[in-house]
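Close look at the chain arrangement
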Amino acid sequence: MTQPDHTLERLYAAILAKRGGDPAVSYIAKLLGRGTAKIAQKLGEEAVEAVIEAVRGDRRALVGESADLLYHLLVLWADAGIAPDEVWSELQRREGISGIAEKKSRPKP
(Lines give C-alpha, C1' and ligand atoms only; values in the text may rest on other atoms or scores of the structure.)
Protein backbone atom coordinates (compact mmCIF):
# COMPACT_ATOMS: atom_id res chain seq x y z
CA MET A 1 0.00 0.00 0.00
CA THR A 2 1.35 3.42 -0.89
CA GLN A 3 1.55 6.24 1.63
CA PRO A 4 -0.89 9.15 1.30
CA ASP A 5 0.60 11.98 -0.72
CA HIS A 6 -2.04 14.62 -0.14
CA THR A 7 -3.50 14.09 -3.61
CA LEU A 8 -6.96 14.95 -2.31
CA GLU A 9 -5.72 18.21 -0.79
CA ARG A 10 -4.07 19.18 -4.10
CA LEU A 11 -7.26 18.32 -5.98
CA TYR A 12 -9.33 20.34 -3.52
CA ALA A 13 -6.99 23.33 -4.00
CA ALA A 14 -7.37 22.99 -7.78
CA ILE A 15 -11.15 22.94 -7.39
CA LEU A 16 -11.07 26.11 -5.28
CA ALA A 17 -8.76 27.79 -7.81
CA LYS A 18 -11.24 27.19 -10.61
CA ARG A 19 -14.23 28.43 -8.63
CA GLY A 20 -15.71 31.39 -10.49
CA GLY A 21 -13.77 30.52 -13.63
CA ASP A 22 -15.11 30.35 -17.15
CA PRO A 23 -17.65 27.50 -17.34
CA ALA A 24 -16.99 27.22 -21.08
CA VAL A 25 -13.47 25.94 -20.37
CA SER A 26 -13.67 24.57 -16.81
CA TYR A 27 -15.86 21.63 -15.82
CA ILE A 28 -15.37 22.57 -12.16
CA ALA A 29 -16.54 26.15 -12.78
CA LYS A 30 -19.50 24.83 -14.78
CA LEU A 31 -20.49 22.34 -12.09
CA LEU A 32 -20.10 24.84 -9.24
CA GLY A 33 -22.11 27.37 -11.26
CA ARG A 34 -24.99 24.93 -11.58
CA GLY A 35 -25.45 24.82 -7.81
CA THR A 36 -25.57 22.41 -4.92
CA ALA A 37 -28.44 20.28 -6.21
CA LYS A 38 -26.62 19.51 -9.48
CA ILE A 39 -23.35 18.79 -7.67
CA ALA A 40 -25.16 16.44 -5.29
CA GLN A 41 -26.89 14.76 -8.23
CA LYS A 42 -23.53 14.14 -9.93
CA LEU A 43 -22.10 12.76 -6.69
CA GLY A 44 -25.06 10.39 -6.42
CA GLU A 45 -24.63 9.25 -10.02
CA GLU A 46 -20.95 8.50 -9.41
CA ALA A 47 -21.80 6.60 -6.22
CA VAL A 48 -24.30 4.44 -8.09
CA GLU A 49 -21.76 3.79 -10.87
CA ALA A 50 -19.18 2.72 -8.27
CA VAL A 51 -21.69 0.36 -6.67
CA ILE A 52 -22.56 -1.14 -10.06
CA GLU A 53 -18.90 -1.81 -10.84
CA ALA A 54 -18.34 -3.33 -7.39
CA VAL A 55 -21.28 -5.69 -7.86
CA ARG A 56 -20.08 -6.57 -11.36
CA GLY A 57 -16.67 -7.34 -9.92
CA ASP A 58 -14.90 -5.07 -12.39
CA ARG A 59 -11.95 -3.93 -10.30
CA ARG A 60 -10.48 -1.58 -12.91
CA ALA A 61 -13.82 0.14 -13.52
CA LEU A 62 -14.39 0.41 -9.76
CA VAL A 63 -11.05 2.20 -9.38
CA GLY A 64 -12.08 4.70 -12.06
CA GLU A 65 -15.55 5.23 -10.63
CA SER A 66 -14.06 5.62 -7.14
CA ALA A 67 -11.83 8.40 -8.45
CA ASP A 68 -14.87 10.08 -10.02
CA LEU A 69 -16.78 9.70 -6.74
CA LEU A 70 -14.00 11.28 -4.67
CA TYR A 71 -13.62 14.10 -7.21
CA HIS A 72 -17.30 14.98 -7.07
CA LEU A 73 -17.31 14.70 -3.26
CA LEU A 74 -14.52 17.28 -3.14
CA VAL A 75 -16.51 19.57 -5.45
CA LEU A 76 -19.48 19.24 -3.07
CA TRP A 77 -17.23 20.05 -0.09
CA ALA A 78 -15.93 23.14 -1.91
CA ASP A 79 -19.49 24.21 -2.65
CA ALA A 80 -20.42 23.76 1.02
CA GLY A 81 -17.29 25.50 2.30
CA ILE A 82 -15.99 22.31 3.93
CA ALA A 83 -12.21 21.88 3.95
CA PRO A 84 -10.77 18.35 3.77
CA ASP A 85 -9.08 18.91 7.15
CA GLU A 86 -12.53 19.11 8.75
CA VAL A 87 -13.36 15.64 7.44
CA TRP A 88 -9.95 14.24 8.37
CA SER A 89 -10.45 15.58 11.92
CA GLU A 90 -13.84 13.89 12.15
CA LEU A 91 -12.33 10.60 10.95
CA GLN A 92 -9.56 10.95 13.54
CA ARG A 93 -12.16 11.63 16.24
CA ARG A 94 -13.89 8.39 15.30
CA GLU A 95 -10.70 6.35 15.12
CA GLY A 96 -10.73 3.47 17.57
CA ILE A 97 -14.47 3.79 18.21
CA SER A 98 -16.70 0.93 17.16
CA GLY A 99 -18.88 1.89 14.21
CA ILE A 100 -21.90 0.62 16.11
CA ALA A 101 -21.03 2.67 19.21
CA GLU A 102 -20.31 5.77 17.11
CA LYS A 103 -23.65 5.51 15.34
CA LYS A 104 -25.51 5.06 18.65
CA SER A 105 -23.84 8.22 20.01
CA ARG A 106 -25.33 10.40 17.27
CA PRO A 107 -28.36 12.51 18.16
CA LYS A 108 -31.65 11.13 16.92
CA PRO A 109 -33.31 13.25 14.18
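Residues numbered from 1 in each chain as written. Predicted model: local features only at pLDDT ≥ 70, side-chain atom pairs only at ≥ 80, totals over all residues. Heavy atoms only, no water.

Concerning the side chain of Lys42
Under the convention used in this document: Where helices and strands are cited, they refer to DSSP runs of H or I of at least four residues and of E of at least two residues respectively, numbered from the N terminus. We call two residues contacting when some pair of their heavy atoms lies within 4.5 Å.
Along the chain, Lys42 falls in helix 3 (residues 36-56). Not counting chain neighbours up to four residues away, the residues in contact with Lys42 comprise Tyr27, Leu31 and His72.

Quick look at the pattern of salt bridges
Heads up, the rule is: Here, a salt bridge means any side-chain nitrogen of Lys or Arg that lies within 4 Å of a carboxyl oxygen of Asp or Glu. The buried label applies to any residue whose accessible area, calculated with a 1.4 Å probe on protein chains only, is under 20% of its type's maximum; exposed applies above 50%, and partly exposed to all values in between.
A complete count under the given rule lists 6 salt bridges for this structure. With a shortest N-O distance of 4.0 Å, Arg56 and Asp58 are connected by a salt bridge. Two residues, Arg94 and Glu90, come together in a salt bridge whose shortest N-O distance is 2.8 Å. In this pair, Arg94 and Glu90 both sit in helix 5 (residues 84-94), 4 residues apart, roughly one turn of the helix. When its relative accessible area of 28% is taken as the criterion, Glu90 is described as partly exposed.

Focus on the packing of aromatic side chains
Any pair of aromatic rings gets described here by the distance separating the centres and the angle formed by the planes. As a reminder, the rule being used: The aromatic pairing rule takes the rings of Phe, Tyr and Trp, using the six-membered ring of Trp, and pairs them if the centres are within 6.5 Å, calling planes under 30 degrees apart stacked, those over 60 edge-to-face and the rest tilted.
Scanning the model with the defined rule gives 2 aromatic pairs in all. When the centroid spacing of 6.3 Å and the interplanar angle of 25° are considered together, the rings of Tyr27 and Tyr71 count as stacked. Of the two residues, Tyr27 sits in helix 2 (residues 27-34) while Tyr71 sits in helix 4 (residues 59-80), which places them 44 residues apart along the sequence. We classify Tyr27 as partly exposed; its relative accessible area is 39%. On the numbers, 5.8 Å between centres and 75° between planes, the contact of Trp77 with Trp88 is edge-to-face. With Trp77 in helix 4 and Trp88 in helix 5, this residue pair connects regions lying 11 residues apart in the sequence.

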